[in-house]
Structure formats: C-alpha cells, structure tokens
Amino acid sequence: MQVSQSYFSDFRIRDAFHLSMNESANPILKYFSEFKILKTVSKDFWLTNVVQFFDGMAYFSMITVFVLYLTDYCSFNDADAALWVGLYTLFISAFVFAVGSICDIIGIRRTYLIGFIILIAGRLIMGFGPDLSPTVDSGRLAVMAGILIMSFGTAFMSPVIQTSIRRFTPLKARSTGFNIYYLLMNISAVIANVFLIEFFRKHFGAVDGGYWIINFGTLMVLLGCITTRFINEDNYAEPSEREANINAPLRRPLQLFMEVWKESAFRKLILFLVLTMGVRIVFTLQFLVMPKYYVRTLYDDFAIGSINAVNPAIIVSGLILLIPVLGRFSTVGLMIAGMSISAFSLVFMAIPIEWYYLVPGIETRSQAYLVAIVAQILVFAFGELLFSPRFSEYVARVAPKDKVASYMSLAALPMFIAKPINGIIGGLLVAYLCYDGICAKMDTGHIGFWDSPEFMWTIYLAMAVISPIAIIMTRRTITSDHPEEDAASPPISAIEAETDPALTAEEFTEANS
C-alpha cells in the first residue's frame, strides 16, 4: 500500500509539473489563466467598464457618421463639415489639459457627473437644433454651439475612465485590466457600427439615419451617467495609491497643472506625443475622410457601419490571441512596430488604382477600390493592435500616483491634436481630390494620378511615415529616464520590466505571480 501511495503521489506531482510546463510554454493558456487575476478586482472596475461601454457606443456610432450628418442633415459643405469635426476635437484638446488636473482634485464621481451633464446637453442641442431652429442658418449655428459644448463634456471622459481603471485594479492585475478595458471599448465599436449604424441607415435612410444615430447615442450617454452613481471612488485597489492621494497637498487645478509642466517625465511625454502626431493622423481617417471616400468611390448605400466594424473586430480577436505573445516584447518596441505598420497600410490606397487590374479576378473599378480598402483596414488594424493598448498602459504607469488623471489627459492629446489638423487638411483634400461626382468622372478615364483620390492617400502616407522614423531616432532620449528623483514613481526601466519584460519566460511568470 505504501508503494501504491508513493506511486500515485509521484504521478500527481509529475502531472502537475507537466501541466505547469504546458501552461508556461503555451502563451494562449497562460493568457486565459491570467484572467483569474481579475477575481481580485472590485465591482467598481466592472462598473467603470460598463460606463466605458455606453460612452463608446455613443461615441463610435456618432463619429462614424459625423461628417455625413453635418453634410446631409445639417447642410454643411464638405470643407465646413470636416472643419467642424476637426474643431470638435480641437476644443477637446484645449479642454483636456484642465480636466485631468480637475479630476485629480475634485475626485472621480464629481468629474463623471460634471462631464456627463455637459456632454448630454451638447448632444441634445446638436441633435435637435436643426429641427427646432426657424432657418437653416440658425440650425447650423445651433449645431456649432452643440459641438462646442459636447467637446467640453467629451474631454472629461478619457482621463477619468482610465484613472478609474488604474485605481480599481491591483498592480498585478493592471496589465490585464487595461487589456479588458481596450477589449470592451472595441466590442462597443463593433456593436455601434454593425448594429446601430446599419440598423438606422437601413430603416431611416442615409440622411435621417444620421439623425437617429446621433440622438440614440445620447440615450447611451445617459445610461453611462446613471452607472457612475454606483461607483465608490474611495475603493483603491492599492493602499499606497490611497496614501499618496491623501498625503498630497491640496492644490488648485492651475497650480497642479504648473507643477506637472515642471516635471522631467512630463516634458519627455510631451515630446513623445508630438512625435507620434504623424501616424496618429492615420487613426483619424476612419471618420474624417473614409466615410465620404467610401460613398464617392463606390456607391451611396455602401455599408459604412459594417466596413468600419472590421477594425475593432480584429482588435478584439487580436487582444485574445496575440497579446500574450506580444507581452514578451518591450512596450516601446511594440509601439514603434505598430506605428510603422499603421503608416504602411496607406500604401494600398496610395498606389494607382489601375495596378489592381493586374490581380486576377479584379476587373472593375469598384472591385479594385474595395480590395484596396479591405487591405488597408486589415493591415492598419494589426498595427493598431500593437500600438494602442500599450500606449494607454505606458502613460498610466509612468504617471506619478497623485497625478494620474493629469498624465492620462495628455495620453489622448496626440489623437485630439491630430483630428483638427486632419479636419482642415482632410476637408480640402476631399473637396479637391474626392469630391461628389468624381466616381462618374473616373469611369471616363479623364482623371490622372495627381487629381485622383490615390494622390490624397500619398500625401497622408508621407505624413504618417514621419512618426516611426522620429521615434526611432529619439528613442533613447524619450524613454531613457522617468523622473527617478520622484521617489514615488519607478523609473521607466522598472516599468517596462513590470509590464512588458523583454526577459526570460520564467522571469515574466515570476513577475506576474
């Protein structure tokens, strides 16, 4: 009997050993096993993700049809529609500086409440203004006022939501927590594009569909606001972060903002954000330029929602399948690779459309454009998968504990600055190189490369490749040191080792155990 017990004991040990080895060797199994860490997070983490989900549904459904809504329903011309979408994000850029500091001082719940009230008011004015105004001109003015107010409310969302994600996740679960946050955000984008946009455009038409999409999004924002009332902002996952906030001296927003500007880490972050501007412009094309590019090079009833859902669907799949593998590489290296791939994706739409006729099976202009569009989306999505999740986590982790929202507000800055720049440039390029009626003109063969949509994408390609080149040239400068003189904040080298260690698999497992 003793021999039998020993035999079965050895068998169990050997079986457990092999199971452990298989889990370490298989990154997919390791990835799903790491979700057990989420058992340690509180309900406030999940409530925050519900808030993000509702806000994402409203934002992604609106931003996809924004320029079309302004043109078709509100009587804006091409240039003005793109300009005002750009101004919308420019206003966000102006407001987002102050919002982070405000959140650090007045707290999460108050920031949520103020932001959502302003956001709802702006959306109501923008959505109902055209119908309630006596003239077309006064309707446009109402929409412009609504955009301004809405941008102020929108500026609150990203910093406070990402600050909540960090606050409600323990250190060991933080990387997985940000993966969940980005996963659910992209799921909301898929649902918004595939279901909301396609449903309203199919049942109400291209013009009235935009009206219902905008106003249904307002209902989603209201649900997000209600959800925030159940969040306990004092439920810190890490006691040290609670102490850092309690012991932080009371400061006014402007005072805190000036303190942040003096920090070495902040100035390096600003440099990093500026250098990513070129490729971040590519991220804005999906809603500033693509919608009109689709309907003008293909057909008016093109399934905009469905094609825009391809990108977030790939992100969702990639977060499940590739993130555990990518976790073995450094954060900065992945961001550079992601930026390079995203910039390269524009090549598919920049090459002359006639070249696609050399591909077997492509015989018409519509087929050629559809292949170019799908190829660009697929390649771009892979680049975004490498870049975006790491970008948010990177900024959240280098931020000092008592200034997280201030830093997180700046994390969105390159995206928000890229949008108004692209709004101005995009409006002009669309008006001259992708105007209404260009489809019929291309069928006659009377348009050369320099007057075609392909030249527009060549310009964007030239702008996009600047970012990865600039980051590679300045990599050591912008990532060499987090402000190590701040004892409360770890150096960047420690942060990268903690989040994305380019170390051995054993060290990686130990760091996350």
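Everything here concerns the structure above.
Every chain's residues receive numbers from 1 upward, in the order its sequence appears when written. Given that the model is predicted, a residue must reach a pLDDT of at least 70 before its local features are reported, and side-chain atom pairs must reach 80 or more before they are shown or counted; all residues, however, enter totals for whole chains, interfaces and linings. Values shown for side chains rest on all heavy atoms present in the structure; no hydrogens or waters enter the calculation.

**Here's the deal with the nonpolar core**
Okay, step 1: Counting 125 residues, the largest nonpolar core has F66, L70, Y293, M456 and W457 as the members making the most contacts within it.
Okay, step 2: Look past the residues within four positions of F66 in its chain and what remains in contact with it is V85, Y88, M126, I147 and M150. We call a set of buried Ala, Val, Leu, Ile, Met, Phe, Trp, Tyr and Cys residues a nonpolar core when their side-chain atoms join them within 4.5 Å. A 1.4 Å probe rolled over the protein chains alone gives each residue an accessible area, and that area as a share of the maximum for its type sets the label: buried under 20%, exposed over 50%, partly exposed in between. Only heavy atoms enter the contact rule, under which two residues are in contact if any of them lie within 4.5 Å.

**Looking at unusual backbone geometry**
Working note: non-glycine residues mostly have negative phi, and peptide bonds are mostly trans.
Okay, step 1: For S75, which is not glycine, the phi dihedral falls at a positive 65°.
Okay, step 2: Helix and strand definitions follow DSSP, with helices as H or I runs of at least four residues and strands as E runs of at least two, each counted in order from the N terminus. For S75, the location among the structural elements is in the loop between α3 (43-72) and α4 (78-106).
Okay, step 3: Classification of S75 as partly exposed rests on a relative accessible area of 42%.

**What about the side chain of S345?**
Okay, step 1: Looking at the element boundaries, S345 is found in the loop between α15 (331-344) and α16 (347-350).
Okay, step 2: Pairing of N or O atoms within 3.5 Å defines a polar contact, subject to two protein rules: one partner must be a possible hydrogen donor and the other a possible acceptor, and residues neighboring in sequence count only if both atoms are side-chain atoms. A distance of 3.3 Å separates polar atoms of two side chains, one belonging to S345 and the other to Q376.
Okay, step 3: Excluding residues within four positions of it along the chain, S345 makes contact with Q376, V379 and F380.

**So, a nonpolar patch on the surface**
Okay, step 1: Patch construction takes residues with relative accessible area above 30% that form no salt bridge. Like charges are linked within 9 Å, and nonpolar side chains (Val, Leu, Ile, Met, Phe, Trp, Tyr) are linked within 5 Å. All accessible-area figures derive from a Shrake-Rupley calculation using a 1.4 Å probe, and residue coverage is judged against the displayed protein chains alone. Here, a salt bridge means any Lys or Arg side-chain nitrogen found within 4 Å of an Asp or Glu carboxyl oxygen. A cluster of nonpolar side chains, L219, L222, L223, I226 and F230, forms an exposed patch at the surface whose accessible area comes to about 440 Å².
Okay, step 2: As for its placement among the helices and strands, L222 is situated in helix α7 (residues 174-228).

**Considerations on α3**
Okay, step 1: What a helix should span is 1.5 Å times the count of its residues minus one. Between its first and last C-alpha atoms α3 spans 43 Å; for 30 residues at 1.5 Å apiece the expected length is 44 Å, and the two agree.
Okay, step 2: What the bend at a residue measures is the angle between two axes, fitted to the seven residues ending there and to the seven starting there. V65 marks where α3 bends most, by close to 55°.
Okay, step 3: Most of α3 is tucked away: 24 of the 30 residues are buried.

**Details of the packing of α3 against helix α5 (residues 108-132)**
Okay, step 1: For every element, the axis is a line fit to its C-alpha atoms; helices are fit only across the contacting stretch, and the angle between N-to-C directions ranges from 0 to 180 degrees. Their axes nearest at 14 Å, the elements α3 and α5 cross at an angle of 30°. When the axis of α3 is compared with that of α5, the two are roughly parallel. Taken as a pair, α3 and α5 cross one another with a handedness that is left-handed. Each of T48, V51, D55, A58, M62, F66 and Y69 in α3 lies in contact with α5, whose residues at this interface are Y112, F116, L119, R123, M126, G127 and P130. Each angle receives one of four descriptions, namely roughly parallel if under 35 degrees, roughly antiparallel if over 145, roughly perpendicular if within 65 to 115, and oblique otherwise. Take the far helix as your reference; a near helix turned counterclockwise from it by less than a right angle gives a left-handed crossing, and one turned clockwise gives a right-handed crossing.

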